[in-house]
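These are the residues of each chain, in order.
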There are 4 protein chains.
Amino acid sequence: MTRPMPFLSDNAAPVHPRLWEAMRSADHPDNPYDGDALSQQLDARFSALFGRECAALWVATGTAANCLALATMCAPHGGVVCHREAHIEVDEGGAPGFYLHGAKLMLAEGDGAKLSPEDIAALIDPIRDDVHQVQPHAIAITQASEYGRAYAPEELAALGAFAKERRLGLHMDGARFANAAAFLGGSAQTAARAASGPVDSLAFGFIKNGGMGAEAVVLFDPERAAEVRYRRKRAGQLQCKGRYLAAQIIAMLEDDLWLANAAHANAAARTVAAGCAERLMHPVEANELFVALNEAERAALRAQGFAFYDWGADAARFVTAWNTRAEDAALLGKAIAGL
Amino acid sequence: MTRPMPFLSDNAAPVHPRLWEAMRSADHPDNPYDGDALSQQLDARFSALFGRECAALWVATGTAANCLALATMCAPHGGVVCHREAHIEVDEGGAPGFYLHGAKLMLAEGDGAKLSPEDIAALIDPIRDDVHQVQPHAIAITQASEYGRAYAPEELAALGAFAKERRLGLHMDGARFANAAAFLGGSAQTAARAASGPVDSLAFGFIKNGGMGAEAVVLFDPERAAEVRYRRKRAGQLQCKGRYLAAQIIAMLEDDLWLANAAHANAAARTVAAGCAERLMHPVEANELFVALNEAERAALRAQGFAFYDWGADAARFVTAWNTRAEDAALLGKAIAGL
Amino acid sequence: MTRPMPFLSDNAAPVHPRLWEAMRSADHPDNPYDGDALSQQLDARFSALFGRECAALWVATGTAANCLALATMCAPHGGVVCHREAHIEVDEGGAPGFYLHGAKLMLAEGDGAKLSPEDIAALIDPIRDDVHQVQPHAIAITQASEYGRAYAPEELAALGAFAKERRLGLHMDGARFANAAAFLGGSAQTAARAASGPVDSLAFGFIKNGGMGAEAVVLFDPERAAEVRYRRKRAGQLQCKGRYLAAQIIAMLEDDLWLANAAHANAAARTVAAGCAERLMHPVEANELFVALNEAERAALRAQGFAFYDWGADAARFVTAWNTRAEDAALLGKAIAGL
Amino acid sequence: MTRPMPFLSDNAAPVHPRLWEAMRSADHPDNPYDGDALSQQLDARFSALFGRECAALWVATGTAANCLALATMCAPHGGVVCHREAHIEVDEGGAPGFYLHGAKLMLAEGDGAKLSPEDIAALIDPIRDDVHQVQPHAIAITQASEYGRAYAPEELAALGAFAKERRLGLHMDGARFANAAAFLGGSAQTAARAASGPVDSLAFGFIKNGGMGAEAVVLFDPERAAEVRYRRKRAGQLQCKGRYLAAQIIAMLEDDLWLANAAHANAAARTVAAGCAERLMHPVEANELFVALNEAERAALRAQGFAFYDWGADAARFVTAWNTRAEDAALLGKAIAGL
């Protein structure tokens, strides 16, 4: 078996050829930092995509993107409501505590790592309105969720209304935003708008979708952009040669490559899912599969050359990517079916 | 004139072809973050270069490299002594305040933006040893300095002895470490050791020297590496696809490209300097020139197509890079001479 | 009814007469901050009490005492294990996030708001040893717990062994340490040692026990004291006229007033408990009672002049104090019994 | 000699008898924290004094008062302009770095530790409006200054206009606000308004003026009070028994005790000054004297029983207080005159 880890994670996939081309095209002197011609286009590009004015900044990681956006809406003495299994809580090494200067993550429960207004109210309504208890300032949701579930436009609308009513900011961790958008369907613009709904900010992920090292922080209140630019520099996230990051992002937006890549990954996930429907722990809406598999079964799959992460003692996670080959997906589906 | 900014800054230069090749060679699935085969080589590579055991981690910016290293040696309630014109004080947007959780930069004076033990003692000796005053925990120097001056090995030895005596950490901002090493001369190993001296940590810069977006944090006390790895993640600096950063760094170390690039830039700087010796505000030891030029003279140079930054009201800064053409350097020297 | 809130909280009680005397005795010029004759005695006083060398510093609040101690054992990128209902998690307004620079509270479950090694292991054993997950650096327990439960010496010994094995710091929030010590019994020295066990640090509370505004941070590793002194100043907790705080603490230690006050409060709690044994939600070991009472019952008690906090929808919390009159305690017990 | 330190510092003076009385009067159960009847009066009391609506909160130290106020006007990525010798820069152990999450103190020069708009402009005008440089968010001045100098109303008006024009917050460190007000003269109301001018916030000091452990944070934009209340709790500054702090402050305001105490101290300082006019390094406007005295002269004074701090190698600082006896002041003046 020559490809040892195709289902480990989309974050290990190589870089899409069109991004290489774009970076090479940017390989001439230009203004440093984000003063170059490409970085200067980002606001307009994302405003066009989302159909509302926004500002967009590149950073190197989703962790930074999430944290910089959250810092605009949660003071150090406040809290951010997120799902108990949210990536910012579980897998970002405490970055929100750093970027938000000790603000608290407030952990809500919800099916499929998604949150509803009711889930959030159940957490925050009992909080006394006094200084002894940290008050919520913002909500962070993940699109697609940590279990590969997409928020539908009406779910987002409900969250937006709830956030507005409670005067909470609403941030979206979009590490796999493209996969959610592809699931929700339509043209790139339609999909992007459906998947983003009424959020205040979005960490728009490209790296898991074929990028090398560029994500976008999208701020739907462009007034916030100046503050984020200062915070980005202060966080050591302002790269000298920003044009290579901007080039990746623009190449992704050109001809809707971001959506095509995600659609490809989603299709591969569905192919796998077809072989293991009864074992699925969550509906497959994006590019992740959570499959009930015992230890022996996992070992059997690994013996066949499939790479993936264990998910607790009795399950495994498989992730497809922009470069997953259809035949590999089919093979995996068949292999699980044959266990 | 078709190249409008060749002397603006080395941080605007393109990426060296051998780094492109190295990144493309890494363009296959591998473990994410720093689990890939290339990232795993860094400790050994740098240990060999410096001739003493060290740990090395990639990050995307010099700002992050400096701050992560300083955080190992200065508690939040302590201070870092640096030159009043040090980059960490003047041009990093307050990043040390962020990464060091409010620790204080303590500003010393010294010729050419360099510090001697005497300069530091003059600052810290008057500090009362009581809790009302912030106590120094570390020293940060820049090699080459903000005025393009190199610390000689004996100067570094004196600083090392002083730091040890005072129980202060000693960090080196090496955004242009290669240029300093090239100035100090010898083989890559000899030069690296001469330029680093007895420091505890080094932010080894590659971006200004032909890199795209990778610097190395080098920790000469490898015990500190684990902490820095946690802090790097927490700072949103742990990229998914670290192999593209490691590839750049390894390509730089291969066949001593880092030293050759820097020697080229230094030579170009000397060529320029030859045309304006009497106007130089600082000796040209690395790849920066600070030249006394009044407003009219600067305008005249710009009219000839030269790009550069003003340096106050009566001077200009010119920076050469790995890709500066010898003929451009000669032209600039001649142009200044002809003013 | 002329005393409307005797069971609301011990933190609302007046100041003990002997502390007034002590403060008045200190009312002459002396060195400011902690340079006065009284503050200088604290280390020795507490070392004698605990029978092992320690350093002790006054601060104005238990919040500050807890946080300053925890900052010695948990780095900003680490975590502190505490009970889900621990005061530092629930009622300190996010202070640990501030003082520990964004470190994370990691919430364990345990009966009566107490933690055992097993409770802690259940939380931390699943944490992957990688940089994506915050690692535990310390444990914080509360003596007596948030439900008025005391840790027995053997429980503390087990926690100490566990912390040592896992290389975790062990801190004790002793807002009601005196009540726990009184419960565990013996002379002041015996009780103090039994109640503190092998902890690394203790926030020794005096305010709820008759003090005005002084708690002690006790560090059983005196090496840590210097750091805490710097951090105390930096936190704005170093008062000019520290002698009035030290005077309170010393008066508390004189003739074991701290233990007598707590024993008085505990006895009052037992008196109340005698009237409502079958309604108690937790054994009464210190000076807090958690009593199952529905809304109508609570209203009935309030109509009789008793003041207390609701505890959720179906219970109430009653707290006795150094000044609770035996007849009031008896009246309350009788009133509950008569519902 | 039986009083060894009368001129060391006003922060070492005892507590005024009327504050003792006030605290004893508060010695009955009341709501904890700042829910008591006295704390609830503070907003109205200070609004009346200053003739404009404001909110006022007690804290235990001037350090906390300054930092909590500054945190309302300076983001973590911003800077606070203050004098190079300002107490917040020199003597607060880095507290602003802690409370403001790494914001930068930006050091301006000015005569007598006072700042004018021109002094501030000289510092901030050269700051480039880009993300590489920390931008000023606020100004902090000290009334009376670190050299005992008072800002006149017209100086404050100019600073207020400047701050408004530059959109900077304006905070006043009033550790010795009373002394400045007494110098500026008039009734308590007139003096308070003259001394505070158009500031956004004031750390109104009482401790150096006869208090035990209570200062007031006065916020002239009462909208900011809610945030400060949360931050105060989070900083461990919310004491359980706040009524003893509020009692001190209210006693100070009653019958203008604060102004009478300061006037007494100022008069004592003038008495001393009369004996050493030609040695004064700064005009004596409040209660501090900076007197040129060589080492031998200082030794001679100490031999006569006078206590004071050295101020560098060739001077001494003397501070008078609410309890300085007129005869002691006269003796000191005479002693210096007789050197």
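Conventions we followed
- Residues numbered from 1 in each chain as written.
- Chains lettered and ligands numbered in written order.
- Predicted model: local features only at pLDDT ≥ 70, side-chain atom pairs only at ≥ 80, totals over all residues.
- Heavy atoms only, no water.
- UniProt positions renumbered as here; feature names shortened; annotations may be inferred.
- Domains from an automatic or database assignment.
- Contact = heavy atoms within 4.5 Å.
- Buried area = accessible area lost by both parts, 1.4 Å probe.
- Salt bridge = Lys/Arg side-chain N within 4 Å of Asp/Glu carboxyl O.
- Polar contact = N/O pair within 3.5 Å; in protein donor to acceptor, adjacent residues only side chain to side chain.
- Axes fitted to C-alpha atoms, helices over the stretch in contact; angles between N-to-C directions.
- Helix = DSSP H or I, 4+ residues; strand = E, 2+ residues; numbered from the N terminus.
- Parallel < 35°, antiparallel > 145°, perpendicular 65-115°, else oblique.
- Nonpolar A, V, L, I, M, F, W, Y, C, P; charged D, E, K, R; others polar.
- Buried < 20%, exposed > 50% of the residue type's maximum accessible area, 1.4 Å probe, protein only.
- Pairing = 2+ DSSP bridges.
- Right-handed = clockwise from strand over helix to strand, strands pointing away.

Within an unreviewed UniProt entry, the label attached to chain A reads L-threonine aldolase, and the organism entered is Erythrobacter sanguineus. According to UniProt, the comment filed for chain A under the heading Sequence similarities (unreviewed entry) is "Belongs to the threonine aldolase family." Check the Cofactor (unreviewed entry) section of the UniProt entry for chain A; it says "pyridoxal 5'-phosphate".

Caption draft 1: Expanded view of the domain arrangement of chain A. Residues and elements named next belong to chain A. When its domains are assigned, chain A resolves into domain 1 (17-257) and domain 2 (259-337). The gap between the C-alpha centroids of domain 1 and domain 2 is 27 Å. Each side of the interface is counted separately: domain 1 has 24 residues, and domain 2 has 18 residues. Between domain 1 and domain 2, the buried area comes to about 1,700 Å², and carbon and sulfur atoms account for 53% of it. Ranking the residues of domain 1 by area buried against domain 2 places Tyr147, Arg176 and Asn179 at the top, with a combined share of 31%. In this assembly, domain 1 and domain 2 are joined by 2 salt bridges. Residue glutamate 285 is joined to arginine 149 by a salt bridge in which the shortest nitrogen-to-oxygen separation is 3.2 Å. The interface formed by domain 1 and domain 2 holds 13 residue pairs in polar contact (both at pLDDT 80 or more) in total.

Caption draft 2: Quick look at the packing of helix α6 (residues 117-124) of chain A against helix α7 (residues 153-166) of chain A. Residue and element names in this part refer to chain A. Close contact between α6 and α7 brings their axes to 9 Å; oriented N to C, the two are set at 30 degrees. As the angle between them shows, α6 and α7 are arranged roughly parallel. Along the contact surface, α6 presents Pro117, Ile120, Ala121 and Ile124, while α7 presents Ala158, Leu159, Phe162 and Arg166. Split by residue class, the contact of α6 with α7 holds 7 nonpolar, no polar and 1 charged.

Caption draft 3: Summary view of the UniProt feature "domain: Aromatic amino acid beta-eliminating lyase/threonine aldolase" (unreviewed entry) in chain A. Here, the residues flagged by UniProt with the feature "domain: Aromatic amino acid beta-eliminating lyase/threonine aldolase" (unreviewed entry) are residues 7-293 of chain A. For residues 7-293 of chain A, the helix share is 40%, the strand share is 15%, and the end-to-end C-alpha distance is 15 Å.

Caption draft 4: Looking closely at the environment of alanine 329 of chain A. Residues and elements named next belong to chain A. Structurally, the position occupied by alanine 329 is in helix α14 (residues 326-337). When the C-alpha positions of alanine 329 and alanine 265 are compared, they lie 9.8 Å apart, and in sequence the two are 64 residues distant. Apart from residues no more than four positions distant in its own chain, alanine 329 is found in contact with Phe7, Ala268, Thr271, Val272 and Thr324.

Caption draft 5: Expanded view of the pairing of strand β5 (residues 169-174) of chain A. All names here are of chain A. Burial analysis of β5 places 6 of its 6 residues in the buried class, the great majority of the element. Every second residue of β5 is oriented toward a common face, with Gly169, His171 and Asp173 on one face and Leu170, Met172 and Gly174 on the other, all of them buried. Sheet analysis places strand β4 (residues 135-142) next to β5, joined by 5 bridges and oriented parallel. Following the sheet pairing, threonine 142 is matched in β5 by aspartate 173. Note on the crossover from β4 through α7 to β5: the handedness is right-handed. Judged from the 4 bridges that link them, β5 and strand β6 (residues 201-204) form a sheet pairing that is parallel. Counted as the bridge partner of histidine 171 is serine 201 from β6.

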